[in-house]
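The lines below spell out each chain.
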Amino acid sequence: MKLPENSTLLIVDDNPTNIKLLYDLLKEHGFRILVAKDGQSAIEKLEVANPDLVLLDVMMPGIDGFTTCQIVKSNPKYQDLPIIFMTALSENENKVKGLSLGAVDYVTKPFQPDELLARVNLHLKLYHLTKELAEKNAHLHEMNELLEQKVEERTSALQKAQTQLIFNEKMSFLGQLMAGITHEINNPISFIDGNIKYAHDYVIELINLINLYQKNYPNPVPEITEKIAEVELDYLMEDLLNLIVSMKEGTKRIAEINQSMRAFSRSDTQNKFLFNPHEGLESTLLLFKHRLKANEIRPAIEVIKKYDILPEINCYPGSLNQVFMNLLANAIDAVEESNTGRSFAEIKANPNQITICTKFDRENERVIISIKDNGIGIKQENKLRIFEQFFTTKIITKGTGLGMTISRHIVEEKHGGTIDFISTPSQGTEFTVKLPIK
Ligand SMILES: Nc1ncnc2c1ncn2[C@@H]1O[C@H](COP(=O)(O)OP(=O)(O)OP(=O)(O)O)[C@@H](O)[C@H]1O
Ligand SMILES: [Mg+2]
């Protein structure tokens, strides 16, 4: 803190005797002294002198002390500058008026040197303390703002990390589950698939053998003739072959499903691959088969595919599948919600539909994938919030409100694409994903 003795005082008085008196007294105590002989020059001096305190005479020619005080105090810069009025002992109402105009104190003439010094010192001290306090406050305020900003940053970073965590957990759980299932299915499938070929060959050999018997021994013993009639041998032989052929077909299908589940579950959210989005769409559809098929409430949800010929795109297949999964899950939820209050027959007449459309936009070197549903649609007031973290209109067990947040992150930040939608309440919604090929 500045010591009172190093302070600058401005004396404003028109009386040379007074000035001399004050000057000598204050100078002696180490103050820097400036003098103004009237109000006008005092105001002008303020700017350059920048005093710490003003001693102001009330009665002066030109503008008097009160007006001078008013003008000085109207400048925000000098609002806290201490002004001490100097009044004659008799001018009692002046003291009150001076204080009401913003002066901090008054001294009466003729001066008592000790009293004057004491008052000057007191107000200088107060002035410097106040100034210091204000600076500290401002600093504190700044620190506080900085702190608040930091807290905000941390909170949002934390939220992001949390989202990522939930997402990763969801994904890795799903991925692990599927990897486990496909692995388990893989073994029995491969020995069925491997053996069925031999079974087929052996059955053909057996049939040939029976045919050979029948050719060489056209009249077997009655027991055999009876048995042949009982088992309807001709039909049995024909059907057995058909059965084996369809079992072969079925096994092949299971193997394919397993293959695409494997493709879906591979955790290549870390590496970019060349990948045909159709492969992702198909394996995702496969996963949703159980949700799409008919149940007691509604007929099957119709899936209409309008596929263009797509090139392979350079992408993170695991992440893209996640986007397709989120879009498809939302579309299914939306059509199912639109069924509320409709009978099976009504739904059948106006069936739930999901249309998947793909397009190769050669000109802009990108692929466009849209998933459209004829579900409940999105209310106007919700449209701006769809991609918001944790925004959901679904019951707590059903929706976390992360699907679209994550999808947008994957499409826009991970792949440099875009995702947007159009929706009409109670008619349906169409989400469109545009992905650059490279
Ligand atoms: N196809 C759609 N039709 C109607 N509303 C939709 C559709 N897709 C998204 N919405 C709305 O957007 C909200 C947010 O979707 P988002 O996928 O992010 O979360 P969610 O489906 O509620 O939960 P989850 O985290 O399980 O996906 C949904 O709750 C729903 O209100
Ligand atoms: Mg969702």
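Residues numbered from 1 in each chain as written. Chains lettered and ligands numbered in written order. Predicted model: local features only at pLDDT ≥ 70, side-chain atom pairs only at ≥ 80, totals over all residues. Heavy atoms only, no water.

## A look at helix α4 (residues 92–100)
Every buried residue of α4 is accounted for by Asn-94, Lys-95 and Gly-98. The buried residues of α4 occupy an angular sector of 105° when projected down its axis, which confines them to one face. In α4, the exposed positions that point more than 90 degrees away from the buried face belong to Glu-93, Val-96 and Ser-100. Tucked inside the fold, the buried residues of α4 contact α3 (65–74), β4 (83–88) and β5 (105–109). (Buried < 20%, exposed > 50% of the residue type's maximum accessible area, 1.4 Å probe, protein only. Helix = DSSP H or I, 4+ residues; strand = E, 2+ residues; numbered from the N terminus. Arc of directions from axis to C-beta. Contact = heavy atoms within 4.5 Å.)

## Notes on the site of ligand 1
Of all residues adjacent to ligand 1, which total 19 residues, the nearest are Thr-392, Thr-393, Lys-394, Thr-400 and Met-404. Here Thr-393 contributes a side-chain N or O atom positioned 2.5 Å from an oxygen atom of ligand 1. Take Thr-429: an N or O atom from its side chain is 3.3 Å from a nitrogen atom of ligand 1. Alone, ligand 1 offers 590 Å² of accessible surface; in the complex the protein occludes 93% of this. At a threshold of 2 Å from the grid points, most atoms of ligand 1 map onto the largest pocket. Elements represented by at least two residues in the shell around ligand 1 include exactly α10 (317–338), α12 (403–414) and β12 (428–436). (Near = heavy atom within 4 Å. Polar contact = N/O pair within 3.5 Å; in protein donor to acceptor, adjacent residues only side chain to side chain. Areas by Shrake-Rupley, 256 points an atom, 1.4 Å probe, with all protein chains shown as cover. 1 Å grid on protein atoms, 1.4 Å probe; cavity = no way out; pocket = protein on both sides within 12 Å on 5 of 7 lines; lining within 4 Å. Sits in = over half its atoms within 2 Å of the grid points.)

## Overview of the nonpolar core
The nonpolar side chains of soluble globular proteins are, as a tendency, buried together. In this structure, Leu-327, Ile-354, Ile-371, Ile-386, Phe-431 and Leu-435 are the most contacted members of the largest nonpolar core, which totals 41 residues. If you list the elements that add at least two residues to this core, you get α8 (277–287), β8 (313–315), α10, β9 (353–361), β10 (366–373), α12, β11 (418–424) and β12. Top contributing element to this core by residue count: α10, with 10 residues. Apart from the residues within four sequence positions on either side, Ile-386 is in contact with Ile-378, Phe-391, Met-404, Phe-421 and Phe-431. One finds Val-58, Tyr-78, Ile-83 and Tyr-127 within the second-largest nonpolar core, a separate group that totals 19 residues. (Core = buried A, V, L, I, M, F, W, Y, C linked by side-chain atoms within 4.5 Å.)

## Here we look at the domain arrangement of the protein
When the domains of the protein are assigned, the result is domain 1 (4–111) and domain 2 (268–438). Computed over C-alpha atoms only, the centres of domain 1 and domain 2 are separated by 79 Å. (Domains from an automatic or database assignment.)

## Observations concerning the side chain of Thr-251
Structurally, Thr-251 can be placed in helix α7 (residues 233–265). At 2.5 Å, the side chain of Thr-251 and the backbone oxygen of Met-247 are in polar contact. Residues within four places of Thr-251 in sequence aside, it is in contact with Ile-189, Ile-192, Asp-193 and Ile-196.

## Digging into the packing of aromatic side chains
Taken as a whole and assessed by the stated rule, the structure comprises five aromatic pairs. Look at Tyr-213 and Tyr-217: their rings are 6.1 Å apart centre to centre, the planes differ by 35°, and that puts the pair in the tilted class. According to the relative accessible area criterion, Tyr-213 is exposed, its value standing at 52%. Between the aromatic rings of Phe-387 and Phe-421, the centroid separation amounts to 6.1 Å while the plane-to-plane angle is 50°, which identifies the pairing as tilted. Taken together, the residues Phe-387 in the loop between β10 and α12 and Phe-421 in strand β11 connect sequence positions 34 residues apart. Phe-421 carries the same exposure label as Phe-387, and that label is buried. Feature note: the residues Phe-387, Phe-421 and Phe-431 constitute an aromatic cluster, connected by ring pairs. (Phe/Tyr/Trp six-rings, centres within 6.5 Å; stacked < 30°, edge-to-face > 60°.)

## Side note on a negative patch on the surface
A surface patch of negative charge is lined by Glu-142, Glu-145, Glu-148, Glu-152 and Glu-153. For Glu-152, the location among the structural elements is in helix α5 (residues 113–216). (Patch = residues over 30% accessible without salt bridge, like charges linked within 9 Å, V, L, I, M, F, W, Y side chains within 5 Å. Salt bridge = Lys/Arg side-chain N within 4 Å of Asp/Glu carboxyl O. Lys, Arg positive; Asp, Glu negative; His and termini not counted. Charge placed at Lys NZ, Arg CZ, Asp CG, Glu CD.)

## Re empty space enclosed by the protein
Within this structure, the stated rule accounts for one cavity of 30 Å³ or more. Its volume calculated, the largest cavity comes out at about 50 Å³. Residue assignment for the lining of the largest cavity shows that the elements contributing at least two residues are β1 (8–12), α2 (39–49), β3 (53–57) and α3. Considering only residue class, the lining of the largest cavity consists of eight nonpolar, one polar and no charged. (Points joined across faces, edges and corners; volume = space filled by probe spheres on them. Nonpolar A, V, L, I, M, F, W, Y, C, P; charged D, E, K, R; others polar.)

## Observations regarding unusual backbone geometry
In this structure, the amide linkage connecting Lys-109 to the following residue, Pro-110, adopts the cis form with an omega of -5°. Positionally, Pro-110 belongs in the loop between β5 and α5. Of note, the phi angle at Asn-50 is positive, near 50°, even though the residue is not glycine. Looking at the element boundaries, Asn-50 is found in the loop between α2 and β3. For Glu-232, which is not a glycine, the phi torsion comes out positive at approximately 50°. Residue position: Glu-232 is located in the loop between α6 (222–231) and α7. Take Glu-232: its relative accessible area is 51%, and that puts it in the exposed class.

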